[in-house]
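Here is how the chains run, residue by residue.
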Amino acid sequence: MSLTRRTALTATAALLAAARAATPRGAFAQAPTTPEVKKAILGYIALTDAAPLIIAKERGFFARHGMSEVEVSKQASWGATRDNLVLGGERGGIDGAHILTPLPYLMTAGRVTQNNQPVPMVITARLNTNGQALSVGEKHKALKPTIDASSLKRALTQESKVAMTFRGGTHDLWIRYWLAAGGIDPDRDVQTIVVPPPQMVANMKVGTMDAFCVGEPWNDQLVNQKIGFTAAVTGELWRDHPEKSLGLRADWVEKHPNAATALTAAVIEAQRWCDEAANKAEMCAIIGRRAWFNVPVTDILNRSLGNIDYGDGRKVEGSPLLMKFWRDHASYPFPSHDLWFLTEDIRWGVLPESTDTKALIAQVNREGLWRAAAERAGVPAAEMPTGTSRGRETFFDGKVFDPENPAAYLASLSIKKLAGA
C-alpha cells in the first residue's frame, strides 16, 4: 500500500470517527425505530388508572419518544370508547385507549360490536393493578357487608340494582365474583345494570341502586359525600389483580409498529413516575384538573397513597392494596392474567365455552412489544419479569385459578351462566 493511499484511508477513518463522536449517542442504532407518525388519538375515562396516559402527555413523555402530537381524549363511557375505537382515528374516532382489559378481546372476537363484526385490537401494556372497590348504599350499612357479601342477601331482591361499567368488563367481573361468593346470583337475585364511572355517585345519591363496582376516585367520593361506603377494595378479592390496559387498534399497530413501541415506552415511563411516592400529590393534582377529571384532589389522593376510609368505621393507613402502576410488574401484560378474564367471561356467558382462548390471547396480547418498549424506555433488566405467567392465583374465598387448567377452576365455581357457541 502506498504512503499516499495509507494517509487517505487514515484521514477517512478519522473523519468517520469524528462524525460518530459528534452524533448523539445511539442515533445510528435508533434510526430504524423512529416513529412512523407523531400523532395518535388515545381515549380515557375519568378514572385514576388513566393517570399514565395523562401524565405521559402532561410531562412530555410522549414527545420525548417522538410522539409529539398525541391527543388524550375524554370518553363518556366504555361504550363510547368501544364505538370510537371501531371508527378509528382516521375516521373521527380514536386509535387506542385506557381500557378495560377484557374489552380488546371482546372487540376482537366480535362479541360487543355492531353486527358482531370483529374489530381486531391489541394490548401492549397493563396500566395498573388494584385500585377498584365494591361500594354499597348507606341504607345497607347496618348489614355490615365486607369482602363477604352474604349479609346483603337479607336485603337485596330481584328489584335491587347493582351497577358496573360494561358487560364483561373488569368491574362486571369483580362485582359478579363478590356477589356469587356470597351466595347471591348476579343474574337471578338482583338486576345488574351498566352505569358510566363518573355517574356512579350521582346515581347512588338519588337512590336508584344498591351497590356498584368502579375504579377510583368515585368510591372515595361516595364516602366523602356520605352517600355510601366501601364494603371492600378489589385487592382484597385478589391481591394485585390486573385492571386496565393500553389497548390499540391492531391495524394501527401493524401500520405504525415503531410508533406503537414509542407510545408504550412513554406510558411505561409515566407508570414508573406515577408509582413514586414523592410524585403522588402532583399526579393527583394534575388528573384532578378541570381539563381531565374536574374532581377535588381530596377525592383522589388518599386512596392513591393507600389510605382507605371505608366509610363504615374501618380505616387503613398505608394499605398494600393501593393502586400500582409499575411496582411488582404491574405494567407487564401477563397472558395468564388475560386468560382469567376470558375464563370469567365464559363463566358468565359473555364468551361461548368453545372460545379458543389460547389463540385469542396470542392474537391480542403483545407482551413482546412491551419488552421492546421497556428497553426503549431504559428499564433495567432486573425490573422486567422473567416469564410470561404469574402461575396459580388464589382468591379470598379459597378458589384457585391455575392457568394450566382453567377448566378445573371453572368447574369449581358454583354460580355461573355458561352459554353455547
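Up top is the structure.
Small disclaimer: the values here were computed from a predicted structure and weren't measured.

## Description of unusual backbone geometry
Step number 1: Put simply, Glu-216 and Pro-217 share a cis peptide bond, and its omega is 15°.
Step number 2: Topologically, Pro-217 is positioned in the loop between strand E8 (211–215) and helix H9 (218–224).
Step number 3: Of note in the backbone geometry, Lys-226 takes a positive phi value of approximately 55° without being a glycine.
Step number 4: Backbone geometry at Asp-240 places phi at a positive 60°, although glycine is not the residue there.
Step number 5: Structurally, Asp-240 is set in the loop between helix H10 (234–237) and strand E10 (244–249).

## As for the pattern of salt bridges
Proximity of charged atoms lets side chains of opposite charge pair with each other.
Step number 1: For the structure on display, the rule yields 26 salt bridges.
Step number 2: Where Lys-39 meets Glu-71, a salt bridge forms, and the shortest distance between an N and an O atom there is 3.4 Å. Taken together, the residues Lys-39 in the loop between helix H2 (27–30) and strand E1 (41–44) and Glu-71 in strand E2 (residues 71–74) connect sequence positions 32 residues apart.
Step number 3: Judged by relative accessible area, which is 38%, Lys-39 ranks as partly exposed.
Step number 4: For Glu-71, a relative accessible area of 36% gives the class partly exposed.
Step number 5: In this structure, Arg-392 engages Asp-402 in a salt bridge whose closest nitrogen and oxygen atoms are separated by 3.8 Å.

## Here we look at the sheet that holds strand E3 (residues 96–100)
Paired through their backbone hydrogen bonds, the strands of a sheet run either parallel or antiparallel.
Step number 1: In spatial order, the strands read E2-E1-E3-E10-E4; together these 5 strands make up an open sheet with mixed pairing. This sheet does not close on itself; its edge strands, each paired only once, are E2 and strand E4 (121–126). When strand polarity is set aside, the average angle formed by the axes of neighbouring strands in this sheet is 35°.
Step number 2: With 5 bridges connecting them, E4 and E10 associate as antiparallel partners. Its bridge partner being in E10, Ala-125 is matched across the sheet by Leu-246.
Step number 3: Contacts from helix H12 (residues 257–274) reach E1, E4 and E10 within the one sheet, and its direction differs from that of E10 by about 165°.

Conventions and cut-offs
- Residues numbered from 1 in each chain as written.
- Predicted model: local features only at pLDDT ≥ 70, side-chain atom pairs only at ≥ 80, totals over all residues.
- Heavy atoms only, no water.
- Helix = DSSP H or I, 4+ residues; strand = E, 2+ residues; numbered from the N terminus.
- Salt bridge = Lys/Arg side-chain N within 4 Å of Asp/Glu carboxyl O.
- Buried < 20%, exposed > 50% of the residue type's maximum accessible area, 1.4 Å probe, protein only.
- Pairing = 2+ DSSP bridges.
- Axes fitted to C-alpha atoms, helices over the stretch in contact; angles between N-to-C directions.
- Contact = heavy atoms within 4.5 Å.

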